[in-house]
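Coordinates in review
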Amino acid sequence: MATPEEITQGLNPEQAEAVRHVEGPLLVLAGAGSGKTRMLTHRVAHLIASGAAWPHEILAVTFTNKAAREMRERVERLLGGGTRGVWVSTFHSTCVRILRREISQLGYESSFAIYDSDDSLALAKRVLKALDVDEKTWPPRSVRAAIDRLKNRGMLPADLAQESSLHGRRLREIYQRYQMELRRANALDFGDLLLLCTRLFENHPGVLAEYQRRWRFVLVDEYQDTNPIQYRWLRLLTAAHRNLCVVGDEDQSIYRFREADIRNILDFEKDFPGAHVVRLEQNYRSTQPILSAASAVVANNVERKGKRLFTQRGGGERVRFYEAADERGEAAFVVGDLLRLRETGESLANAAIFYRTHAQSRPLEEELLKYNLPYVVVGGTRFYDRAEVKDALAYLRALRNPADTESLLRIVNTPARGIGRTSVERVLLAAEEAQTTFWDALVRGLGALSPATQKRVGEFVALMRELARSLEGESLAQPLAQLLERTGYLRALEAENTVAVEEFERQNRESEAGDDGPRTLVDLFLEQVTLLSEADGLENTGARIPLMTVHVAKGLEFKHVFVVGLEEGIFPHFASLEDPSAIEEERRLCYVAMTRAMERLTLCNASLRRMHGSVRYNAPSRFLAEIPDELIVGRRGRVALPVPRESPPPRDAGPRIDYSDSQLAPGEDLPGVGQRVEHPIFGAGRIMEVVGGGAAAKATIRFDRAGMKVIKLKYAQLRLLD
DNA sequence: CTGCAGGGATTCTCC
DNA sequence: ATCCCTGCAG
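Residues numbered from 1 in each chain as written. Chains lettered and ligands numbered in written order. Predicted model: local features only at pLDDT ≥ 70, side-chain atom pairs only at ≥ 80, totals over all residues. Heavy atoms only, no water.

With respect to the protein's contact with DNA strand C
Near DNA strand C the following residues occur: K125, R362 and G613. Contact between DNA strand C and K125: a phosphate oxygen at 2.8 Å from a side-chain N or O atom of the residue. Within the contact set of DNA strand C, a phosphate oxygen lies 3.3 Å away from a side-chain nitrogen or oxygen of R362. (Near = heavy atom within 4 Å. Polar contact = N/O pair within 3.5 Å; in protein donor to acceptor, adjacent residues only side chain to side chain.)

Set out below in C-alpha cells:
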C-alpha cells in the first residue's frame, strides 16, 4: 500500500491541500479540466493510507455509474487492492442498497421493482384514466414531469395539503393515486429512491444513526448538479460528523430541468459554517485559446462565483467556426474535416461530435455512412430501451414481483395471445373492486371473462408459473433463453441478449461478496439495467467517432471536438429563450461543450435547417458572438476554394475553410484581430481577420455601416479606436 | 381480438 | 418528421 506522502506526490498545492484535509466540511471548486477526479481519488486513498478512515467508512457519491466505476478503478490502482469496502456509487444505487435492507419500515417489500420513466408514464396514464381526468388539460407527460419535480424537491402528496387552487387540489389527487398505485405494485420510481430514503432517515432516527456511524466520510462529485432532495439526503447523512467533501463547478451545472439547484454549491459555506474552501483553477486539459474562449462565454453569466482558469500550455490553435448553408452542409463540413484528420494519421476515437439534442444526429450519421466512417451514437436509444428488450425485461420483472402491474400489462398480451384491451380493462376493474393486484385478479379469474378468454388467461398464468420456477436456479442466461423460447418471440434478439447476459453473469459471479442477503442474479440484473445511464454506453467503442449530446459529454475529454447547431433556438434551445435563468444554463452547457476539447475546437451552424418537417432560418447562436474575435477564426461565409497540396484532401470531402493562419505561436502577440478601427471612408469597424504579414498584410474588417471589406493594411489609413 | 390507416399534437437535456 | 391515439374492417 502506498504511503500518504506518495499519494500527495505529483499533486499541485491546491489539490494536495484538498487531499490532506480530514475533519469538517470541505468545498472544492474545481474548474473544467482541473484534475477534479484525481483530487477525489487521491483524497479517498489518502484517508485510508493515513489511517484517518477504514475503507468501509468512506462513501463516494457520483451521478453516473461510469463515473463511479472510473473512480473505483483509480482508487484501486492508487492503493493496490486495499480498497475493499469503500462505497463508490451513484446517488440512486446507494439509496437502492439502503432501501433493500430497510424499506420494510416504510411498508414496502424489499423485493420492490424500480420503474423507469416509461413505466412511470404508463402508470400516470392509467391513473388519469381511472380518475377520469381530461387528458387535454392534464397531458400525461406533464403530469409525470410535475410529479417528478415534486419528488426532486422532496414533496409527497401530503406536502401539498395547503394547496387551495382547483388545479393544485387536482394535482394532489392525481399524485396521491399515482403513489398509491406504486405502493400496490411494490414499485418505486426514480424519484422515490431518493425521496423514500430521505423519509426513512427522517422518520427512523435509529436507521439514520446507523448509516451516519457507518460512513464517517462522505464525498460528492458534481455537487453543482444536486437537487433539493439530494441535498436533504446528504445533510441528514452527514449531520453527526459533518465530514462532507463536495466537489463541483457552478459553471457546469446543467441539470436544472431535474431540479438541480445551483444555490447548493453557491451557498455551501453558508449551509456548512466553517467549511474549508479550496479552488482548483489550473487547467490541464485545454490549450489557452480554447480555455479563454470558453471562459469568455461563461463570463456572461450572473449566477456564478467567478474564477480564473489558467493553463501552462502555450500556443495552440484558435477556435474554428464554420457556417454552412444547411444541416447537410454542416454535416459535410464536419465529415470532410474528419477525413482530412484521418489522413494525418489521427485516430478517429480522438475526435467527438456534440449536439444539443439527439435528433440532430441524423444528418451526421448519414454523412458518416456515406464515407464509411465508423461512428457510435452514445445515449439515445440504449440497448435496454428497445421495445423487444423491454418486453423481455418486463417478463423478468413480473416474474420476480407479480405485484408489478405495469410490467404485467406490458406482457400479458405480448406476443398477442388473445387477451385484448377489453379483457384487460375488465380484469383491472375487478382487481380495483376486490382491492387486489392485477396478477391476483388474473389468477383468481376475476373480471367475468368469456370462457375462451378465461382459458387463455389460465394458460398465461401457467406459463408465468413455469417460468418462475426456472428462475429459481443459479443461472440467468439459461432461464432467459427458455423464456424467449417459451414466449415464442424475440428469436432475432436471442443471441445478442444471451451474450450480454452471460457477460453479466461472469462479472457478478466474481464480485459476489455482498451483504445484500438472499438476492438472486436476476434481481441484480434488473436493478443494474434500470439504473444504467446514458453515458454508460461509452465503453469499448474502439476507433469509432462518438456522437453525443453535450449532457452526455460532461466529464469526458477529446483532442478534437466538433459542436454543431450553434443557432438561436437550437443552442440555446427554444424553451429557454424567454427565461434569463434558462439561458444561463444553456450558456453553461456551451461552456461544458467547449471545455471538453484538448487541442482543437470547431463550432458549426447552418443558416437553414430542416426540422420537424419544416424549414427554419435560425440566427447564429449568441454564444458565438460572446467569443472574442481574436480567439476564433473562420467567421461566417468565407469558404476558401480547395487548395491543391502535396497530399490533397480526399475528393468530395465536403467544404473546407483555409485555417492555415489559425495557429498561434507560443508567446506571440495576438494579431490585431478584434481591434476596433476607423477608416477614412468606411467609418468605424472591427478587424475580423488578418492574413499575411508585412507589406502584404490584409485585414478583413466588418464595418458598422459598410459591411465586410478586405483592406490592405499598407495603404489604409486606419486609426485605432479604444 | 387484431391490424392498419388516418388525423392531431409535439418538438430538449436524464438518474 | 414522428409519435400516439382512435376508429374501422376483417
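Looking at the sheet that holds strand β1 (residues 26–30)
Taken together, the six strands give an open sheet; going across it, the order is β3-β2-β6-β7-β1-β8, and neighbouring strands pair in parallel fashion. Bordering the open sheet on either side are β3 (87–90) and β8 (276–280), each of which pairs with just one other strand. The mean angle between the axes of side-by-side strands here comes to 15 degrees, regardless of whether they run parallel or antiparallel. Here three bridges tie strand β6 (residues 217–220) to strand β7 (residues 244–248), and the two strands are oriented parallel to one another. By the bridge assignment, L219 is partnered in β7 with C245. In this fold helix α3 (residues 36–49) packs onto β1, β2 (58–62), β6, β7 and β8, with an angle of close to 170 degrees to the strand it touches most, β6. (Pairing = 2+ DSSP bridges. Helix = DSSP H or I, 4+ residues; strand = E, 2+ residues; numbered from the N terminus. Axes fitted to C-alpha atoms, helices over the stretch in contact; angles between N-to-C directions. Contact = heavy atoms within 4.5 Å.)

Points about the pairing of β3
The two faces of β3 match: W87 and S89 on one face and V88 and T90 on the other face are all buried. Taken together, the four bridges between β2 and β3 define a ladder with parallel strand orientation. For L59, the partnering residue across the bridge sits in β3 and is W87. (Buried < 20%, exposed > 50% of the residue type's maximum accessible area, 1.4 Å probe, protein only.)

A look at helix α26 (residues 580–594)
Taking 1.5 Å as the rise per residue, α26 with 15 residues should run 21 Å; its terminal C-alpha atoms sit 21 Å apart, in good agreement. In terms of burial, α26 is largely enclosed, as 13 of its 15 residues are buried. At the N-terminal boundary of α26, the capping side chain belongs to D579, with an oxygen 2.9 Å from the backbone nitrogen of S581. (Expected span 1.5 Å × (residues − 1).)

A look at the confidence of the model for chain A
Chain-level statistics for chain A give a pLDDT mean of 83 and a share of 79% at 70 or above. This stretch, residues 637–649, has a pLDDT under 50; its non-local contacts, to residues over four places away or in other chains, come to 14 contacts. (pLDDT = per-residue confidence, 0-100.)

Thoughts on the protein's contact with DNA strand B
Every one of the 25 residues lining DNA strand B counts as a neighbour, but R356, H358, T422, S423 and H612 are closest to it. If you look at DNA strand B and keep only atoms within 4 Å of the protein, 59% of those are sugar or phosphate atoms. A distance of 3.3 Å is found between a phosphate oxygen of DNA strand B and a side-chain nitrogen or oxygen belonging to T549. Contacts to DNA strand B include H573, whose side-chain N or O atom sits 3.0 Å from a sugar or linking oxygen. Mapped onto the surface near DNA strand B, the elements with two or more residues apiece are α19 (421–433) and α25 (550–553). When its residues are assigned to classes, the surface near DNA strand B shows seven nonpolar, 14 polar and four charged. (Nonpolar A, V, L, I, M, F, W, Y, C, P; charged D, E, K, R; others polar.)

Observations concerning α3
With 14 residues, α3 should cover 20 Å at 1.5 Å per step; its first-to-last C-alpha distance of 20 Å lies within 8% of that length. Among the 14 residues that make up α3, 12 are buried, leaving the element largely enclosed by the rest of the structure. Two residues or fewer after α3 comes G51, characterised by a positive phi angle close to 85 degrees.

Here we look at the nonpolar core
Ranked by internal contacts, the top residues of the largest apolar core, which has 65 residues, are F201, Y223 and W233. Here the element with the most residues in this core is helix α9 (residues 190–203); it accounts for seven residues. With sequence-adjacent residues up to four places away left out, W233 is seen in contact with L59, F91, T94, C95, I98, L194, C197, T198 and F201. Among the nonpolar cores identified, the runner-up in size contains 43 residues, and I290, V592, L603 and L631 belong to it. (Core = buried A, V, L, I, M, F, W, Y, C linked by side-chain atoms within 4.5 Å.)

Some remarks on the pattern of salt bridges
Across all of its chains, the model carries 47 salt bridges by this definition. The salt bridge involving R153 is made with E259; its shortest N-O contact spans 3.5 Å. With R153 in the loop between α7 (140–152) and α8 (166–184) and E259 in the loop between β7 and α12 (263–266), the pair connects residues that are 106 residues apart, well separated along the chain. Salt-bridge contacts for E330 lead to R609; the nearest nitrogen and oxygen are separated by 3.1 Å. With E330 in helix α15 (residues 327–343) and R609 in strand β15 (residues 597–611), this residue pair connects regions lying 279 residues apart in the sequence. In this pair, the class of E330 matches that of R609, namely buried. Bridged by salt links that share partners, the residues K36, D221, E222, D225 and K554 form one connected network. (Salt bridge = Lys/Arg side-chain N within 4 Å of Asp/Glu carboxyl O.)

A look at the packing of helix α6 (residues 117–130) against α8
For the pair α6 and α8, interaxial distance at closest approach is 10 Å and the crossing angle is 120 degrees. Between α6 and α8, the angle is such that the two are oblique. As α6 packs across α8, the resulting crossing turns out to be right-handed. Residues S120, L123, A124, R126, V127, L128 and A130 of α6 touch α8, and the partners they reach there are I174, R177, Y178, E181 and L182. Counted by class, the contact of α6 with α8 contains eight nonpolar, one polar and three charged residues. (Parallel < 35°, antiparallel > 145°, perpendicular 65-115°, else oblique. Left-handed = near helix turned anticlockwise from the far one by under 90°.)

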